[in-house]
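Geometric and topological summary
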Amino acid sequence: MNRRLIYVMGPSGAGKDSVLGWLRANLPPGIQVHWAQRTITRPASAGGEAHEASDAEGFEHLRSQGAFALAWQANGLHYGIRHTELARLQQGHWVLVNGSRGHLPQALQSHPGLQVVHITADPATLAQRLTQRQRETPEEIQQRVARASAFAVPEGAIEILNNGSLAEAGRALLREIESCDAKDKEQVSQTAPTGRF
């Protein structure tokens, strides 16, 4: 069932969240996708995605109780995906997780067969976007771009280049998900019992 788990990741400046926002707004009703809510150690009032807010102590308690199917740390924050968020997989839905490149090896180990989606952009575009954000020094930006270029995308991953318009990248991701959905439905129909003896 992990084949219906979509793990989306990408470097800073790739516009991952924007592409996912476009997809959410333009997803056809025929494809059943559950967007896994993340538990994050930041206030709910911080803006951005609708997440379950937690402090560090509360997050660690949840982790120790085995509440998370996936959990990682990035940019000074803790992120978790509760087991309940993946329950839709048992109902035949696609479940989309906004994940982290650093946690990918652990995610592949705990959920073999998941579909990896890597949203990125060329080095010049990444550098330009990071510079426009004005959050980091030129040296830090250069380091981020170098890490993004050195990242090895696993075999079988879907790679989306967000170099042009947001709609272009969004449509490319939508086509890939539609293709995966069609193949999955075909596999289900081929293995379904015919009713003949």
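Residues numbered from 1 in each chain as written. Predicted model: local features only at pLDDT ≥ 70, side-chain atom pairs only at ≥ 80, totals over all residues. Heavy atoms only, no water.

Digging into the layout of surface pockets
In this structure, the largest pocket occupies an estimated 1200 Å³ of space. Every residue lining the largest pocket is counted, 38 residues in all, and those nearest its centre are Lys16, Asp17, Arg38, Tyr79 and Asn98. The element contributing the most residues to the lining of the largest pocket is helix 1 (residues 16-26), with five residues. Looking at the lining of the largest pocket, its residues break down into 13 nonpolar, 12 polar and 13 charged. Roughly 170 Å³ of internal volume is contained in the second largest pocket. Lining the second largest pocket are Arg3, Trp94, Gly113, Leu114, Gln115, Cys180, Lys183, Asp184 and Gln187. Among the residues making up the lining of the second largest pocket, the classes are represented as three nonpolar, three polar and three charged. (1 Å grid on protein atoms, 1.4 Å probe; cavity = no way out; pocket = protein on both sides within 12 Å on 5 of 7 lines; lining within 4 Å. Points joined across faces, edges and corners; volume = space filled by probe spheres on them. Helix = DSSP H or I, 4+ residues; strand = E, 2+ residues; numbered from the N terminus. Nonpolar A, V, L, I, M, F, W, Y, C, P; charged D, E, K, R; others polar.)

Considerations on the confidence of the model for the protein
Looking at the protein, pLDDT values average 91 and 95% of them are 70 or higher. Predicted confidence in the protein is weakest over helix 6 (residues 166-191), with a mean pLDDT of 89, and strongest over strand 1 (residues 5-9), with 97. (pLDDT = per-residue confidence, 0-100.)

Notes on helix 1
All buried positions along helix 1 are accounted for by Lys16, Val19, Leu20, Trp22 and Leu23. Angularly, the buried residues of helix 1 cover 155 degrees about the axis, an arc narrow enough to put them on a single face. In this structure, helix 1 carries Arg24 and Ala25 as exposed residues pointing more than 90 degrees from its buried face. (Buried < 20%, exposed > 50% of the residue type's maximum accessible area, 1.4 Å probe, protein only. Arc of directions from axis to C-beta.)

A word on the side chain of Thr125
Within the secondary structure, Thr125 is located in helix 4 (residues 123-133). When sequence neighbours within four positions are dropped, the list of residues in contact with Thr125 reads Asn162 and Asn163. (Contact = heavy atoms within 4.5 Å.)

As for empty space enclosed by the protein
Tallied over the entire structure, the rule returns one cavity of 30 Å³ or more. Put simply, the largest cavity is a space of about 40 Å³. Every residue lining the largest cavity is listed: Ile6, Trp94, Gln115, Val117, Ile158, Glu176, Ile177 and Cys180. Elements supplying a minimum of two residues to the lining of the largest cavity: strand 8 (115-120) and helix 6. Top element by residues in the lining of the largest cavity is helix 6. It accounts for three residues.

What about the nonpolar core?
Note that soluble globular proteins tend to have their nonpolar side chains buried in a common cluster. Counting residues in each nonpolar core, the largest one holds 27 residues, and the members touching the most others are Leu96, Val117, Ile119, Ile160 and Leu173. When residues in this core are grouped by element, the largest group, five residues, is from helix 6. Leave out the neighbours within four places in its chain, and Leu173 touches Val19, Leu20, Leu23, Val117, Ile119 and Ile160. Within the second largest apolar cluster, 19 residues are counted, among which are Leu5, Ala36, Leu89 and Val95. (Core = buried A, V, L, I, M, F, W, Y, C linked by side-chain atoms within 4.5 Å.)

What about the sheet that holds strand 4 (residues 52-53)?
With mixed pairing, the four strands of this open sheet are ordered in space as 4-3-6-5. Unpaired on one side and paired on the other, strand 4 and strand 5 (68-74) mark the two borders of the sheet. Both strand 3 (residues 39-40) and strand 6 (residues 77-82) contribute to a ladder of two bridges, which runs antiparallel. Residue pairing for strand 6: Ile40 is matched across the bridge by Tyr79. (Pairing = 2+ DSSP bridges.)

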